[in-house]
Amino acid sequence: MARLSSNLVSAEWLEAHLDGRNIIVLFITMADIATGQPETLPAGFIPGSVVVDFEKVLCDKKSPFVHTMPNEATFQREVRKLGIDKNSHIIVYDSKGLFCAPRVWWMFKAMGHDNIQILDGGLPGWIKQGYAINEKSLAPFHVGNFEALAKPRFFVSTRAILKHLKAITVLDARSEGRFKGSAPEPRAGLRSGHIPSSINLPFTLCLKDGHLKNVTELHDLFAQRGINEDSYIVTSCGSGVTACILALAASELGYYKLSVYDGSWSEWGADAKLPVALG
């Protein structure tokens with residue numbers, strides 16, 4: 001199957017291609033940030049969906065930070081359990097439209113699998129179009145032959161940010177209140193504020209009704225903040241999830257000098273040795 005140029009697919013496209021030979025549809029869940037309670041599953045799923053609690057399945061369980069990218073061997077082992085092969089065309093979606101699915105999209109790309117796309121509008125968009133849902137999800141039919149090949153540039157560390165802070169643009173996806181330090185962090189033990197010289201672009205500004213805004217609107221959002229294709233962008237957020245929505249937006253604009261700060265504010269805000277800016 002030919003790959004599409006966009007990182008997104010529409011509900012119409014997916015409905016027409018659900019029976020494709022190599023299509024794998026993953027419904028991505030994520031626990032509540034403030035309470036840690038598992039996400040309540042919806043009444044129905046897109047037909048053929050495999051449910052993935054990505055925090056439990058795809059993240060580094062030994063890390064003190066909740067959404068840390070695992071090593072190649074761990075990622076490969078867990079992805080194979082999902083029935084994913086080297087030639088699988090993966091479609092990821094979530095219950096909010098665009099929220100945690102982009103994080104999983106970015107994780108797969110960071111492990112060398114480019115044939116992955118996100119359902120724009122997620123489950124709400126699918127239902128709004130009137131397409132069928134199934135009450136039950138599927139269990140993987142087999143152990144896949146997926147092969148992970150890590151691409152280090154997709155994620156950066158705290159150390160790298162400190163070393164290159166003057167040469168990069170850190171783009172923070174959190175709300176304006178959290179960025180400025182006027183609103184509390186949802187996770188306990190974190191300082192308020194932001195990485196010095198970083199720029200605030202709340203991920204919600206990139207979305208409209210659960211869909212990613214068009215490229216003209218996205219271009220304006222980035223341009224208003226002095227960001228263009230020549231900028232080396234590092235996206236950050238609370239724990240590396242909504243940072244991937246900004247990475248998606250930048251990718252749709254054709255920006256390639258792009259990384260995600262894996263630890264994000266969960267790591268930076270917890271370390272009293274690291275500098276913090278307010279306001």
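Preceding block: the structure.
What counts and what doesn't
Residues numbered from 1 in each chain as written. Predicted model: local features only at pLDDT ≥ 70, side-chain atom pairs only at ≥ 80, totals over all residues. Heavy atoms only, no water. Phe/Tyr/Trp six-rings, centres within 6.5 Å; stacked < 30°, edge-to-face > 60°. Lys NZ or Arg CZ within 6 Å of the ring centre and 35° of its normal. Core = buried A, V, L, I, M, F, W, Y, C linked by side-chain atoms within 4.5 Å. Buried < 20%, exposed > 50% of the residue type's maximum accessible area, 1.4 Å probe, protein only. Helix = DSSP H or I, 4+ residues; strand = E, 2+ residues; numbered from the N terminus. Salt bridge = Lys/Arg side-chain N within 4 Å of Asp/Glu carboxyl O. Contact = heavy atoms within 4.5 Å. Polar contact = N/O pair within 3.5 Å; in protein donor to acceptor, adjacent residues only side chain to side chain.

**Quick word on the packing of aromatic side chains**
So, point 1. Under the counting rule described, the total for this entry stands at 11 aromatic pairs.
So, point 2. Members of the aromatic cluster, connected to one another through ring pairs, are Phe27, Phe45 and Tyr93.
So, point 3. Cation over ring: arginine 153 sits above phenylalanine 154, and NZ or CZ is 4.2 Å from the ring centre.
So, point 4. One Lys or Arg, arginine 174, reaches over the ring of tryptophan 265 and ends 4.5 Å from the middle of that ring.

**Here we look at the nonpolar core**
So, point 1. Formed by 60 residues in total, the largest nonpolar core has its most connected members in Leu26, Phe54, Val92, Phe108 and Phe222.
So, point 2. Here this core gets 8 residues from one element, more than from any other, and that element is helix H9 (residues 243-252).
So, point 3. In terms of nonpolar packing, the next biggest core, distinct from the first, is built from 14 residues, Trp13, Ile23, Val25 and Phe27 among them.

**Overview of the pattern of salt bridges**
So, point 1. Counted by the stated rule, this structure contains 10 salt bridges.
So, point 2. For aspartate 114, the salt bridge is made with lysine 109, and the minimal N-O distance between the two is 3.4 Å.
So, point 3. The class of aspartate 114 is partly exposed, set by a relative accessible area of 32%.
So, point 4. Look at lysine 109 and you get buried, because its relative accessible area is 13%.
So, point 5. With a closest N to O distance of 2.9 Å, arginine 174 and aspartate 172 form a salt bridge. The residues arginine 174 and aspartate 172 share a single accessibility class, namely buried.
So, point 6. Each of Asp172, Arg174, Arg178 and Glu185 takes part in a single network of salt bridges with overlapping partners.

**Remarks on the environment of aspartate 172**
So, point 1. Within the secondary structure, aspartate 172 is located in strand E7 (residues 169-172).
So, point 2. Judged by its relative accessible area of 3%, aspartate 172 falls in the buried class.
So, point 3. Among all residues touching aspartate 172, those that are not within four sequence positions of it are Phe179, His194, Ile199, Asn200, Leu201, Pro202, Ser236, Cys237 and Leu246.
So, point 4. In this structure the side chain of aspartate 172 is engaged in a polar contact, spanning 2.9 Å, whose partner is the side chain of arginine 174.

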